[in-house]
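Examining the three-dimensional arrangement
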Amino acid sequence: MYKQHFGKMVAFLLRFSKDIDLDTAEDLVQDAFAAAISHWEKQWPDNPAAWIYSVCKNKALNKLRDDKKMLRLHQAPEPEADAISYAGDFPDDEQLRLLFACAHPDLAPKVQVVITLKYVVNLKVAAIAGSLGMTIDGVDKLLLRARQRIKEEKILLVTPAPEAMQQRLPIVHKIIYLIFNEGHTSAEGKVLLREDLCEEALILTKAILDSQMGNIDTCALYALMLFNAARFKARFDENGELLDLEQQDRALWNPDLIRLGTHYFNLAKGPELSSYHFEAYIAYLHSTAASFADTNWQLIAQLYTHLLPNPFAELNYAIALYYAGERNSAFEKLFALQRSAFMNSYYLLNATLGKLYMLEGDHAQAAVYYSKTLDQTRSAAETNYIRKMLSKLNL
Amino acid sequence: MLLVREDLKKLKEYTDADRDLGVKEMMEWVDGLGANFVGGEPLWPDGRYVTKDAIVSDGPFIEGKEGISGYIMIHAENLEQAAAIAQSCPILQRGELEMEVRPLMITDFPNG
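Here the structure is a predicted model, which means the values were calculated and not measured. (Residues numbered from 1 in each chain as written. Chains lettered and ligands numbered in written order. Predicted model: local features only at pLDDT ≥ 70, side-chain atom pairs only at ≥ 80, totals over all residues. Heavy atoms only, no water.)

1. Things to note about the overall build of chain A
- A tally of regular secondary structure across chain A gives 21 helices and 0 strands.
- Counting the 395 residues in chain A, one finds 53% classified as buried.
- Summarising the internal contacts of chain A: among those between residues at least 6 apart in sequence, 63% fall at separations of at least 24.
- When the accessible area of chain A is evaluated, it comes to approximately 18,600 Å², of which 52% is carbon and sulfur surface. (Helix = DSSP H or I, 4+ residues; strand = E, 2+ residues; numbered from the N terminus. Buried < 20%, exposed > 50% of the residue type's maximum accessible area, 1.4 Å probe, protein only. Contact = heavy atoms within 4.5 Å. Areas by Shrake-Rupley, 256 points an atom, 1.4 Å probe, with all protein chains shown as cover.)

This is the structure we're talking about:
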């Protein structure tokens, strides 16, 4: 209940009166929940959500009265009369409204993700920090800075106009994509929590599709996430160690999710294709290939060209080229990336070079590149993977 | 484009290990930007300053605290968002560098 309603109630109070600021609204909602716990022990209300909303409203009124702002409240233009006489379940599109509100184009993508996790998904600060690989202090600081802007521009308060909602759809897609990717990136000991994030991303996307606010890009994004979610269980071995795509047991891939993904991928057909389309197509080819060797690497390589220029896509492009049999151009692309000081300190570039040299039978070179990654990896799972690969080399 | 500005004199005294550490931290940051990151590189502090009359070593900026030490290209919705992205750089947060945020003018300039 707390998780489902916290963000909505804060938004409800903000809209209820413009004299309530974000901090006050959050405090009032916290108070109302605290009051609920002691009251509900005695008597369970017929409609708990409505009970909390009305307590919030009363607390807000008291607060305003204390602040001697009652007069101003009455003078204020009616802020949505029907929202005040709240009864029954809050419409679910309140959550969508908040999602689009968080997709404010002036905020950095990371900030958009954090405030979406806080106000739309209703995660606590510690959970946000854990799932984004940030420190609690870091999330607090970021929220503090974001709050200033949220207050100044009433970001959670103002419902974007329908046209603005359409314009913000690509930002909403990106927020969801980032949330999913955060969940998808492996980190030791956080696997469960992170799958949770992927689920939230799927739920939000489905809500957009159900509300008819989505477009073909939304379908492509949904398909992409379903294909990736289908392969979750196979990404780690029984010891929780990271597995190569090649070593994954394809029988563990979830056929229902792949089928559902294919369904939405077909719905995503249209004249103008987004990066989600190309990524979904690549994920589709991986998910439906009978084996690693049977994968249509040629087509995958070609699809990656649509995601350029981006050094990370370039790296995947080179890998696909290698497996498509175009070894020389694969190495050329990787050497070109290596000339970039940034990419040269990226562990995945060096790990890829290690892997490909190993496949080419040049174990000495492979060892050089694998060793280079050891102080570039970001998690214990990645380091363990590299050590495992190093132990396989014949030196 | 984010023009990274810092103390070039200090950069000149960096060892390879210092530089690797800085580049690695920057890499982790741009990796976290995902699709917002397009490309970028650090620049060596040694250069030439060219005018109508002469080609001199380094030029006037080397003494300043705000010489250009690198560039980063990003995708952003608008200038505000680009500035918000720049602000999230951890090295910038520590006050060790500054960034100038400038939108690219799209022209028919013959890029390679």
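2. Thoughts on the confidence of the model for chain B
Residue and element names in this part refer to chain B.
- For chain B, the mean per-residue pLDDT works out to 88, and 98% of the residues sit at or above 70.
- The weakest mean pLDDT in chain B belongs to strand S4 (residues 55–57) at 79; the strongest belongs to strand S6 (residues 98–101) at 96.
- Model confidence for the complex is summarised by a pTM of 0.76, with the ipTM given as 0.74. (pLDDT = per-residue confidence, 0-100.)

3. Focus: the interface of chain B and chain A
- Contacts between the two partners involve 24 residues from chain B, matched on the other side by 23 residues from chain A.
- Overall, the association of chain B and chain A removes approximately 2,100 Å² of surface from exposure, summing both partners, and the carbon and sulfur fraction of that is 58%.
- Between chain B and chain A we count 9 residue pairs in polar contact (both at pLDDT 80 or more) in total.
- Contributions of two or more residues to the side of chain B that touches chain A are made by helix H2 (16–32), strand S2 (37–42) and helix H3 (79–87) of chain B. (Buried area = accessible area lost by both parts, 1.4 Å probe. Polar contact = N/O pair within 3.5 Å; in protein donor to acceptor, adjacent residues only side chain to side chain.)

4. Describing the pairing of strand S1 (residues 2–6) of chain B
Residues and elements named next belong to chain B.
- Within S1, 4 of the 5 residues are buried, leaving the element largely enclosed by the surrounding structure.
- Where S1 and S6 come together, 4 bridges link them in antiparallel fashion. Note on S6: the bridge partner recorded for Leu-2 is Val-101. (Pairing = 2+ DSSP bridges.)

5. Comments concerning the pairing of strand S5 (residues 67–74) of chain B
Residues and elements named next belong to chain B.
- Inspection of the sheet shows S1 paired to S5 by 5 bridges, in the antiparallel sense. Looking at S5, one finds that Arg-5 is bridged to Ile-68.
- In this sheet, S5 lies alongside S2 in antiparallel orientation, the contact comprising 5 bridges. When the bridges of S5 are listed, Pro-42 appears paired with Gly-70.

6. Notes on unusual backbone geometry
Residue and element names in this part refer to chain A.
- Note that the residue after Leu-308, namely Pro-309, is joined by a cis bond; omega there is 0°.
- For Pro-309, the location among the structural elements is in the loop between helix H15 (297–304) and helix H16 (311–323).
- For Asn-122, which is not a glycine, the phi torsion comes out positive at approximately 60°.
- Inspection of the secondary structure assignment puts Asn-122 in the loop between helix H7 (109–120) and helix H8 (125–132).
- The backbone phi angle of Gln-212 is positive, close to 70°, even though this residue is not glycine.
- Mapping Gln-212 onto the fold places it in the loop between helix H11 (191–210) and helix H12 (216–230).
- Its relative accessible area of 67% is what places Gln-212 among the exposed residues.

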